Amino acid sequence: MKMKMMLLMVVSVVQVAVVHGQQSYLGNKQMDCDSDYNVTDGYVCNGAAPSCASYLTFRSINHYNTPASISRLLGSTPSDIATANNISQVDPIPTDTSLLVPVNCSCSGPYSQHNVSYTLKPDDTYFVIANDTYQGLTTCQALMHQNRYDALNLTGGLVIEVPIRCACPTTEQVDAGIKYLLAYLMDLDDDLDKIAILFGVDVPTLLAANNFKTSDDVVYPYQAILVPLTTKPSPLQLQFPVSPPSPPSSSSPPPTPPSSSPPPPSPPNKSSNKKWVFIGVGIGAGCLLLLITPFAFILLKRQHRQQRQTPNPIPKSSSDHSPDSLLPSTTSDEVTTWWSPFSSNGLKNAVESLIAYKFEDLQKSTDFFSEANRIDGSSVFRATFDGGVVAVKVMTGDLSLSGDEINILKRINHSSIISLSGFCVHKGNTYLVYEFAASGSLINCLEMKGNISPLSWKQRVQIANDVANALNYLHNFTHPPLIHKNLNTSNILLDANLRAKVANFGLARAVKFDNEGQDGGHGFQQTRHVVGTRGYMAPEYMEDGVITPKMDVFTFGVVLLELLSGKPASGDEEYMLLYASISGVLEGDDVRDKIKGFMDPSLRLQYPLELAFSMAHLAKSCVALQINSRPTMAQASGTLSKILSSTLDWDSSEAVDLEYSRSLNHGR
């Protein structure tokens, strides 16, 4: 009898039953707020019952990080959320924690949804509400269809209805034992095979529930898919084997999920039972192998995705000086003590892995630092080594400044941050050798100096996303965090493919806050040495020398405004600051016309107005005068990644004069 039961368990592991749910996956269409698609209005009401118990997943964020606050947002109850996740009703939840939220799902006309009320904040748009606040659990199209307010005339304090997407099992699913449909928010590392394993669902049933054809169908992050469940979901399924996203361009291998094995059987009392013990162990091992094999496949697949090509190094030459010769006698006021860059091992260890160049080689490669090789009148020169092009930055005077930049660049590795390959010290000057950015600085591209063509809308959003990823990496994936402190369009370089590279870390500073200060800006440091570029410096830094990650957020907002408008951060007069103008554009009447007037004329109306509007709102929140009113860099990066995703799906050939845009002339 025991043997028969074990065999039935094995069969149940591998048995596949295709159960159809017939709900269409969005396929990233919810990012295109200017277009109507049937699937963006909601899941069709095809359940066996007109209402049912359902589940959502939600990631804790600022302002929504307790069961009470999340329940108000999603229309659940604090006790239900606490019970579903085995947590306290009152304790804060760590940021970016995945949670289960029980809701009641009902038919509302032709669509299956869970309706809640939401009070608009001053900077809210339908795009932001759908994709940021509600994390893709609703769509901007559904919001516009079910509310009477025009997309460009939303104001703080208005109350709107939010239709949250959910669904009830169909009759066929109920007959197959499915009791719940979970609206699961996809993460960057998720794919359909992985989701099936997480929740113990056979792949064909998962595919059918979302109208997928194969498990290789493209799925996008920040969107929900329906997961059919025979039992209530467990919070452990959200944590295992999912791990936090690795920092971009990291070379570390993906984490391996921990394995678990059943406790060893108790010693048998009778020798006749030994045979059944061995059989049971063999079957158990077979089941364990069946479970482990898909995990191994997913890990190998993820590891293959993370592999990247590395550039060929420039040939190494002998140095004029050993690494010890770079050690200055004094430290900079802008370097914190955890770093210890000027100890006996600090800078020495930092430069030992760099290429050490002879000064004579640098002279030859730059044609003796000729004006013809000087880049934009700066102290950076174009150099050629064996056919490869690099950039050589000349730093005179205090060696501690070059030591700061070397130490910072040697401990970071990101595709959107300029890479340092080598150095040379000669007669008190330091020469730093960087990768070469073939398209020059962003400011030159915006000003179209020389024969440069205007940047397209897609190129601008991609550049903004690259810079956001770089700053998010500095703030959240270096330990302790790094603040650039001098971000501007001159310090954003573009490679041959117009992908952005953040450069010039001469003023960058490492900061060490308590847990509350990490990226949130609650903790701070101060300096008496305030330096930066007019039009970019955050007010708290200019006035009081306050240093937090939010000062980078402020300067990033200014860069966004430059990308949108093509205008410089500051005009000829001191009061002509670009960041001071955006509030007037987004407030009051005739917002549509004011946005059109604000946008760079070289774009020639070749951009989706709704996305430009969302990007302008993001910029406005970044340049808020109050620190706590600005988003974190992680939040800004998340918003931009969604704008980019929608932009990549936008067809510029469909652009028309925005004066006649239906979605902007009429309320939905």
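This one's a predicted model, so the numbers in the text were calculated from it and none came from an experiment.

Asker: Run through the sheet that holds strand 11 (residues 420–426), naming residues and quoting values.
Answerer: In space, the 5 strands of this open sheet follow the order 8-11-12-10-9, with mixed pairing throughout. Edge positions in the open sheet fall to strand 8 (355–356) and strand 9 (380–385), since each of these has one partner strand only. The pairing of strand 10 (residues 388–395) with strand 12 (residues 429–435) spans 6 bridges and is classified as antiparallel. Of the residues in strand 12, the one forming a bridge with methionine 395 is threonine 430.

Asker: Go over the state of the cysteines, please, and point to the residues and values.
Answerer: Summed over the entire model, instances satisfying the criterion amount to 4 disulfides. Each disulfide pairs two cysteine sulfurs, and for cysteine 52 the partner residue is cysteine 168, the sulfurs being separated by 2.1 Å. Judged by the torsion about the S-S bond (-95 degrees), the cysteine 52/cysteine 168 disulfide is left-handed. Residue cysteine 52 is located in strand 2 (residues 51–59), and its partner cysteine 168 is located in the loop between strand 5 (159–165) and helix 6 (171–175); the two are separated by 116 residues in the primary sequence. For the pair shown, cysteine 52 and cysteine 168 are each scored as buried. Paired by a disulfide, cysteine 105 and cysteine 166 hold their sulfur atoms 2.0 Å apart. Between cysteine 105 and cysteine 166 the disulfide shows an S-S torsion of about 95 degrees. By sign, it is right-handed.

Asker: Can you lay out the packing of helix 15 (residues 457–476) against helix 20 (residues 609–622) for me, pointing to particular residues and giving the numbers?
Answerer: At a minimum axis distance of 12 Å, the contact between helix 15 and helix 20 shows a crossing angle of 30 degrees. Overall, the two elements helix 15 and helix 20 adopt an arrangement that is roughly parallel. The chirality of how helix 15 crosses helix 20 is left-handed. Along the contact surface, helix 15 presents Trp457, Val461 and Ala464, while helix 20 presents Leu611, Ala612 and Met615. Grouping the amino acids of the contact of helix 15 with helix 20 by side-chain chemistry returns 6 nonpolar, no polar and no charged.

Each value, and the rule that gives it
Residues numbered from 1 in each chain as written. Predicted model: local features only at pLDDT ≥ 70, side-chain atom pairs only at ≥ 80, totals over all residues. Heavy atoms only, no water. Pairing = 2+ DSSP bridges. Helix = DSSP H or I, 4+ residues; strand = E, 2+ residues; numbered from the N terminus. Disulfide = S-S within 2.5 Å. Buried < 20%, exposed > 50% of the residue type's maximum accessible area, 1.4 Å probe, protein only. Axes fitted to C-alpha atoms, helices over the stretch in contact; angles between N-to-C directions. Parallel < 35°, antiparallel > 145°, perpendicular 65-115°, else oblique. Left-handed = near helix turned anticlockwise from the far one by under 90°. Contact = heavy atoms within 4.5 Å. Nonpolar A, V, L, I, M, F, W, Y, C, P; charged D, E, K, R; others polar.

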